[in-house]
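Coordinate analysis (summary)
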12 protein chains.
Amino acid sequence: MAEEKKFMKILIINGPNLNLLGSREPEIYGKQSLEDILTELRQRFSEVQILHFQSNHEGEIIDRIQQAMEEELDGLIINAGAFTHYSHAIADALRALDLPKIEVHISHIFSRELFRQTSVLAPACDGMICGLGVKGYGLAIQSMRD
Amino acid sequence: MAEEKKFMKILIINGPNLNLLGSREPEIYGKQSLEDILTELRQRFSEVQILHFQSNHEGEIIDRIQQAMEEELDGLIINAGAFTHYSHAIADALRALDLPKIEVHISHIFSRELFRQTSVLAPACDGMICGLGVKGYGLAIQSMRD
Amino acid sequence: MAEEKKFMKILIINGPNLNLLGSREPEIYGKQSLEDILTELRQRFSEVQILHFQSNHEGEIIDRIQQAMEEELDGLIINAGAFTHYSHAIADALRALDLPKIEVHISHIFSRELFRQTSVLAPACDGMICGLGVKGYGLAIQSMRD
Amino acid sequence: MAEEKKFMKILIINGPNLNLLGSREPEIYGKQSLEDILTELRQRFSEVQILHFQSNHEGEIIDRIQQAMEEELDGLIINAGAFTHYSHAIADALRALDLPKIEVHISHIFSRELFRQTSVLAPACDGMICGLGVKGYGLAIQSMRD
Amino acid sequence: MAEEKKFMKILIINGPNLNLLGSREPEIYGKQSLEDILTELRQRFSEVQILHFQSNHEGEIIDRIQQAMEEELDGLIINAGAFTHYSHAIADALRALDLPKIEVHISHIFSRELFRQTSVLAPACDGMICGLGVKGYGLAIQSMRD
Amino acid sequence: MAEEKKFMKILIINGPNLNLLGSREPEIYGKQSLEDILTELRQRFSEVQILHFQSNHEGEIIDRIQQAMEEELDGLIINAGAFTHYSHAIADALRALDLPKIEVHISHIFSRELFRQTSVLAPACDGMICGLGVKGYGLAIQSMRD
Amino acid sequence: MAEEKKFMKILIINGPNLNLLGSREPEIYGKQSLEDILTELRQRFSEVQILHFQSNHEGEIIDRIQQAMEEELDGLIINAGAFTHYSHAIADALRALDLPKIEVHISHIFSRELFRQTSVLAPACDGMICGLGVKGYGLAIQSMRD
Amino acid sequence: MAEEKKFMKILIINGPNLNLLGSREPEIYGKQSLEDILTELRQRFSEVQILHFQSNHEGEIIDRIQQAMEEELDGLIINAGAFTHYSHAIADALRALDLPKIEVHISHIFSRELFRQTSVLAPACDGMICGLGVKGYGLAIQSMRD
Amino acid sequence: MAEEKKFMKILIINGPNLNLLGSREPEIYGKQSLEDILTELRQRFSEVQILHFQSNHEGEIIDRIQQAMEEELDGLIINAGAFTHYSHAIADALRALDLPKIEVHISHIFSRELFRQTSVLAPACDGMICGLGVKGYGLAIQSMRD
Amino acid sequence: MAEEKKFMKILIINGPNLNLLGSREPEIYGKQSLEDILTELRQRFSEVQILHFQSNHEGEIIDRIQQAMEEELDGLIINAGAFTHYSHAIADALRALDLPKIEVHISHIFSRELFRQTSVLAPACDGMICGLGVKGYGLAIQSMRD
Amino acid sequence: MAEEKKFMKILIINGPNLNLLGSREPEIYGKQSLEDILTELRQRFSEVQILHFQSNHEGEIIDRIQQAMEEELDGLIINAGAFTHYSHAIADALRALDLPKIEVHISHIFSRELFRQTSVLAPACDGMICGLGVKGYGLAIQSMRD
Amino acid sequence: MAEEKKFMKILIINGPNLNLLGSREPEIYGKQSLEDILTELRQRFSEVQILHFQSNHEGEIIDRIQQAMEEELDGLIINAGAFTHYSHAIADALRALDLPKIEVHISHIFSRELFRQTSVLAPACDGMICGLGVKGYGLAIQSMRD
């Protein structure tokens, strides 16, 4: 499918250890790898251009968010993994990005360990989807598309 | 459309002051009334039987959740309004209900007043969608349907 | 006295256990019953139509506040009893009501038990009178009238 | 057995979700229903008139406690379920009732989730029995009888 | 009007920065100066001798409260400004003064910054009126008079 | 009554200052001495062999609990006095003892000073009876017997 | 007695409301006035020149402490009243004064209200005597003399 | 000196590690041993019979306090060492002892580590002397004698 | 130099104990007296009229800030000493003054005792310079001048 | 201008998102870009060699601080952006660097969100300048130069 | 092996309930008894004289630590069991003992219950080994020996 | 020595600023450089293949831990420096790695600054050795080898 036909462009950012999806604690995070998830999303949302970035480095995630300022995106979806709970620097980068932004968490962070029950990114995003497994990514895209 | 064709049955519960949707603080909660929202959801998800219950009474919400145990539902969606933040009694009722359960919040409760940043219902639900406006209800249904 | 002559209409809401006024802990709450208090207020403020509602049910109080939206009131006076300290749902209902709103407490809640020293309703009201006994109701009416 | 022979009258109040006893989480709350428990208590304490009230509504429980002031009871036993942890309004109603009052909890609330480790009703009661299963009700009656 | 006809004597104490009333943040504190307020109060309560004292000095306020012990007053009204939130020394002076004492706050301190939501003077006073603007002074006098 | 006829063996442990029962603060702890209480219990529960141990020494209480592991007991009742609130070492000893264990408090610790409102032993016991006076011991035995 | 014979010079500073000693809450503070206390101390410690300063003004107390730097004192005794609990400015003045310094409290501040249980002056003094009534002043002098 | 001539009897209790006085951290606790201190006190207060008890065992200290109930003492002086900060059991024993009781601390506990800044014994004693070195014992005796 | 040539007017306020500069704890606060500092500042900023006010009295500082409203100043520099940490009354006075306001601290308050790590004045000022010694005053003037 | 003429060498480090200066939230951070600021500083302080480093990567900032140990610098100026509030690792690197170190913040962090009111770097630096806009960098250099 | 050949002397102290090692919760504490552990250690470290002391009594542990001052030891290893978390008295005894001191915990206390995550002994010891099972004792000896 | 003879393979990870070992604060961290330490360890444990990785970058440490999943290691030893106290992302990476994992700290973090007294890595590791200097690394290897 020719890229120029896509009428939306969305960036998904995944944070530390999410490259392990499918192998790490599958009873919590499911059995699909990031690649599986992306393939499925791109098939399902054929009209959306889905960019993807994963890193274990806080600084690279900030760089990527800043780069997004130049990219004419329609939305940003971020699952910052454990950075969710303390990276005020990522939060500041998100604040500087004037786009619809949705936080996604695969597991239900609000019923896990105490430290996971706070998101310092939340005040910098527009919404959050959590606990719905990897389906959360698709719901976020759909929410932006509709 | 004949009801017997519906292959899913989902109950949506809305808590206190959500009957005011469309009139109360529309800059936060949007302009659609509950009726508008339900009509739209029923049109969009024609294959799903959508039951709805709204009450300002904590006890009635608990009664309704208990009644759901007899109803062969496929899922429960709850936006408990301010009860979200302190009704351990509703949380206990939810714990006793063996169904997929999703919490929906229209506004982004995690970037509002401090007391709104805690959900005592979260540990009793499977997931949460918040900050995505009234679209959250539809995303929750879709998450259950897929 | 003909009701049409009244030039103000004020609703007083009393919360849980305030129906016991006059019998419960009179050393704290005084010896007058709610009826005595209302009779006295109506005599004193003959030009004000004073509506009254008491309930031990949080939900009924919320319903009553919502109903007030249709009633062309000039003010609301609320003594929510123990709900003062935790009913965010009543606070939300008050926020949605665009009227002068005054919280009244018969005893001086700020010099009693710790849990009584917080009012979750305060940020949703315009003012507070407390510790002045049942005279507080009259002062609140007067403040609205003048 | 003729009721006039009863030489004691005791009211048992059960709060939200306790109507589910026997079906909800039987590993925590046991397999007996409320009816089973009451039948057993009435057989065992044939000399005591045992009144019973269950509700999921905070307001109804307060109403019932207030009604008890007119009933010449010899004692009140209350298991307020999750209301135990936040209903200051029920606590105020109990404070206004001049009777021996015992709080019963079927499970050992002090070794469960943190929010269950506080009872706002405790300062308004004379004693507490917890963690001894449904036997707690019988022990409370016995404590009042002896 | 001859002073000997006054049948009540009340002292009003205003604390730091209240001499700026009418000029400081009029959207919060109103447009009337202290002089305007006093003139109005004295006209309205012609039967009450109203003494007034304003100071930005904690020590002077304590001295003035102590002096009040010699003055055969019928009541003390105090708006201690920011001292409200930390001057335990003023609170001790108030405790030593055996008179009806009412705290007045022009703005609704319980819905402003966190540090303004605590009054260390409250346990040393009989009541509090807040958020009702400069009308609070008049209501306090009236409460003492009736 | 011959000891071999006893079909149950229960150990009661009383902690620091409980040897003063009957003399210390009788308005809180009652007028019966420990000996009176034990005599009464042994008469009432003639079918139960009641062992008793009192000590002001945390270490001796731990030793006694460990010794209980060798004694084929049917239950342990412990009123650890002030150790209740901080002796994690006694709690550990209780955890190592595989028996029904009930904590008894004569006064209602949850309505006294703040430090008395926490029991570090609770998570190591099966249940708790408090505020029912010295009757609590009998109720605990009965709960174990039935 | 000629002053030149005095071989020690000690300054006693009393803070806010201590000028009321003898009249304020005598059940807590005793019946002796400050003058009585000083007369007694000067008689008892005839070899010590006892300077005295009382003020309700924090600033005057700081000024007096600074003046003490010029006076060749042998010790400072301070009962700062309620300033004890929040005047870091007095504490700083004490830190700058290189003398033996003893804090005295007439009542036992550690068994009174919570706010009285902290002394911000303590880290700036060498010792503290509290709860021993007005005898505390004499004990402090004696401690410095011996 | 014949013991029957003593007109006062005072018990001094020293807690854990105070037997090391003179050797442990002499820069904090001074160079005098407990024996030196007692000898000096007995010489100075020849009219007072001074009993002494030191133990590193919390239980022994409680036993000793209880034994004091039989001894017709005129006062108790206690330096409970580190037990000061957590032994609610010693505090309870002190509460049960109807005598003047003074807490002594050699060092200034309120300017040392945080855990040393709380005394759970304070509410059970009449007064406290701290930071005045071993002289504190003598001042306490004198305070009781005068 | 003729004063009329000055094109800026700046007021420096120094709070409690700062009159001791040069003598108090020189290792923290340096060896220069206030006079030395002012002389140096006036030489260096010859084009700025530098007013100065020092007081140990919170009330005098508030009075001085209020007086500044009449003085056509270009800026205010305040080092409120220990008042920095608790004087909400000074903060309120600063809020009422519509001028550039800079807080200066000679030592690095954020690496000293805990109580010094909070400035209640900060939200009422535009900026803060701390830890740079007495040079901070000059930098503040310069920041206002440029 | 020949570099060898410079008599001072100072390194400025800017942390995450500060590369966005001039475009991000200009009402808070101003309109100048980092390049503009540096150009201006180099012109103004022609006698100072100003090195500059910006990174969004915590690790690179630590590496750069370590590298500074080899560079014969006269001072370090750091604006660590959001890392200020949690990067103990940067703080440790600063602690290991034996140079004058000044923290600069463009906005007044102490009057912004709560999480911005703590600097974990402060105890590792010598001073702080905040709220004075980009002028803060120049004042820091000047403070080091003078 | 002759004792005089031992070139090191080390004391191991085990606190409450550690005499149960091998029987108590073997999934946490392992299957070896204290005797097994000591035998193994003595075989493995034949050049070290290993003294051992176990007690459930806080006071006995303090006594034993004090006795160690007379014993020319080369090191102390302490596993104080639950006393670790609250015995400031043992901590004080350790502070007074001038020897290398290592705390050992068999289980990983920092990933267990909250109360086990604090060691009041840590500031009085030189190091800690935890979570490595009973091997921790051997590693501690080895660390002292090398 | 041929690598194939090694029968164990262990990875040591050192976090930020640990490359400075030997130069940074040698009184805390000792005088040995990382190279010295590794050389010594490799000599001593010739049968163990010791891999080493140091980085100041959180992301690189996470990458390295993930890479370890492919390496057939027998254990991981991590000293994460200041990341220990806040890097939940490293903790998550450790959780995903199914190996014996030991945390090592050279200094006794539990007796240093408050922020160093928490390890967010602890719940993700099996044990901890701290305060034993660089010997800790060797003890950890030994613990894994035995």
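Residues numbered from 1 in each chain as written. Chains lettered and ligands numbered in written order. Predicted model: local features only at pLDDT ≥ 70, side-chain atom pairs only at ≥ 80, totals over all residues. Heavy atoms only, no water.

1. Quick look at the sheet that holds strand E4 (residues 101-105) of chain D
The condition is simple: The pairing criterion is simple: DSSP has to find at least two bridges between the two strands. The helix count covers DSSP runs of H or I at least four residues long, the strand count covers runs of E at least two residues long, and both are numbered beginning at the N terminus. Only C-alpha atoms enter the line fits that serve as axes; for helices the fit covers just the stretch in contact. Angles between N-to-C directions range over 0 to 180 degrees.
Here we have 10 strands laid out as an open sheet, ordered E2(D)-E1(D)-E3(D)-E4(D)-E5(D)-E5(F)-E4(F)-E3(F)-E1(F)-E2(F), and mixed in their pairing. In the strand order of this sheet, the two ends are held by strand E2 (48-54) of chain D together with strand E2 (48-54) of chain F, each with one partner. Strand after strand, the sheet turns through a mean of 20° between neighbouring axes, direction not considered. The sheet contact formed by strand E3 (residues 75-79) of chain D and E4(D) spans 3 bridges and is parallel. Residue pairing across strands places Ile77(D) opposite Ile102(D), the latter belonging to E4(D).

2. A closer look at the relation of the copies chain B and chain A
Quick note on the threshold: Residues reaching a pLDDT of at least 70 in both copies supply the C-alpha atoms on which the copies are superposed by least squares. Note on definitions: a residue-residue contact is assigned when non-hydrogen atoms from the two residues lie within 4.5 Å.
The transformation that overlays chain B on chain A combines an axial shift of 0.0 Å with a rotation of 180°, and the residual RMSD is 0.0 Å. One copy is carried onto the other by what is essentially a two-fold rotation axis. Closest approach to the rotation axis among the C-alpha atoms of chain B is made by Ile129(B), whose C-alpha sits 2.2 Å away. When the interface residues of chain B are mapped onto chain A, 100% of them are again interface residues, pointing to one common binding face.

3. Concerning the environment of Gly75(K)
Residue and element names in this part refer to chain K. Our working definition: Buried, partly exposed and exposed residues are distinguished by accessible area as a fraction of the type maximum, computed with a 1.4 Å probe on protein chains only: under 20%, between the cut-offs, and over 50%, respectively.
On the secondary structure map, Gly75 appears in strand E3 (residues 75-79). The buried category is assigned to Gly75, whose relative accessible area is 0%. With residues up to four places along the chain from it excluded, the contact list for Gly75 reads Lys9, Ile10, Leu11, Leu99, Pro100 and Met144.

4. Some details on the sheet that holds E3(K)
If you trace the 10 strands from one edge of the open sheet to the other, you get E2(K)-E1(K)-E3(K)-E4(K)-E5(K)-E5(L)-E4(L)-E3(L)-E1(L)-E2(L), paired in mixed fashion. Because the sheet does not close on itself, it has two edges, and the strands there are strand E2 (48-54) of chain K together with strand E2 (48-54) of chain L. Averaged over all pairs of adjacent strands, the angle between strand axes in this sheet comes to 20°, irrespective of strand direction. As paired elements, strand E1 (residues 8-14) of chain L and strand E3 (residues 75-79) of chain L share 5 bridges and run parallel to each other. Residue Asn14(L) lies in a different strand from E3(L), and its bridge partner there is Asn79(L). Seen against the sheet, helix H2 (residues 34-44) of chain L touches E1 and E2 of chain L and runs at an angle of roughly 165° to E2(L).

5. What to know about the packing of aromatic side chains
Quick note on the threshold: Between the rings of Phe, Tyr and Trp (Trp by its six-membered ring), a pair exists once the centres lie within 6.5 Å; its type follows the angle of the planes, with under 30 degrees stacked, over 60 edge-to-face, and the other angles tilted.
Applying the stated rule across the entire model yields 30 aromatic pairs over all chains. Ring geometry for Tyr86(A) versus Tyr86(L): centroids 6.1 Å apart, planes at 80°, classification edge-to-face. Here Tyr86(L) lies in the loop between E3 and helix H4 (88-95) and Tyr86(A) lies in the loop between strand E3 (75-79) and helix H4 (88-95), a pairing that spans two chains. Residue class for Tyr86(A) comes out buried when judged on its relative accessible area of 7%. Centroid distance Phe83(J) to Tyr86(J): 5.9 Å. Interplanar angle 80°. Geometry classified as edge-to-face. By relative accessible area, which is 0% here, Phe83(J) ends up buried. Clustering of aromatic rings is evident, with ring pairs tying together Phe83(A), Tyr86(A), Phe83(J), Tyr86(J), Phe83(L) and Tyr86(L).

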